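Chain by chain, the residues run as shown.
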Amino acid sequence: MKRAFDVASARQGNQVANMLYKNFVKPQTLEGIQGRLIWEPINTAYRHQLRKLFHGPILTDFSQQVWLLNPTTDTRVRYTPDVWKRHLKDVFCPARFDSAGNELPKSTEALSDDEFADFLLACQAYGAVELGIEFTERE
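These numbers were taken from a predicted model, which means no experiment stands behind them.

About the criteria used
Residues numbered from 1 in each chain as written. Predicted model: local features only at pLDDT ≥ 70, side-chain atom pairs only at ≥ 80, totals over all residues. Heavy atoms only, no water. 1 Å grid on protein atoms, 1.4 Å probe; cavity = no way out; pocket = protein on both sides within 12 Å on 5 of 7 lines; lining within 4 Å. Points joined across faces, edges and corners; volume = space filled by probe spheres on them. Helix = DSSP H or I, 4+ residues; strand = E, 2+ residues; numbered from the N terminus. Nonpolar A, V, L, I, M, F, W, Y, C, P; charged D, E, K, R; others polar. Core = buried A, V, L, I, M, F, W, Y, C linked by side-chain atoms within 4.5 Å. Buried < 20%, exposed > 50% of the residue type's maximum accessible area, 1.4 Å probe, protein only.

With respect to the layout of surface pockets
- When its volume is computed, the largest pocket comes out at roughly 1700 Å³.
- If you go around the largest pocket, you meet 46 residues; those closest to its centre are Phe5, Asp6, Val7, Val16 and Trp39.
- Every element with two or more residues in the lining of the largest pocket is listed here: helix H1 (10-30), helix H2 (44-65), strand S3 (96-97) and helix H4 (113-131).
- With twelve residues, H1 is the largest single contributor of residues to the lining of the largest pocket.
- Residues belonging to the lining of the largest pocket are distributed by class as follows: 24 nonpolar, ten polar and twelve charged.

Considering the nonpolar core
- In this structure, Phe54, Phe62, Leu88, Phe116, Phe119 and Leu120 are the most contacted members of the largest nonpolar core, which totals 15 residues.
- Listed by contribution, the elements that provide at least two residues to this core are H2, helix H3 (81-92) and H4.
- Looking at which element gives the most residues to this core, the answer is H2, with five residues.

A word on unusual backbone geometry
- The residue Asp74 is not glycine, and still its phi comes out positive at about 55°.
- Under the relative-accessibility criterion, Asp74 is labelled exposed at 58%.

Structural data, given as structure tokens:
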């Protein structure tokens, strides 16, 4: 019987590999059955395109279009893409915890492709609705 699973993160891959080993590979090889395990990358460019979109047009539009009041100097300031990246990550990346219950640092790298796409959408919605950004279309 053939089994196929799509995985989008290292954690999912580990869970599927463990489940396959426990439920199929180990019991069937002990009975003398041979099998084949295959890893086949799908949609390899998708993650790269998402990252290019975030680090290119989205962060550029935030840094070029948003002026915020600096309460210390009472002047309007713009922030760099790196500052916006940290802010957006802190606001829109879900919290993650280790086995002891301690919160891990937030990271876009820990997101699956679907979660990263949702993260980008949340960032753009926040920028458009809360900050009045008009996102530019770029190649």
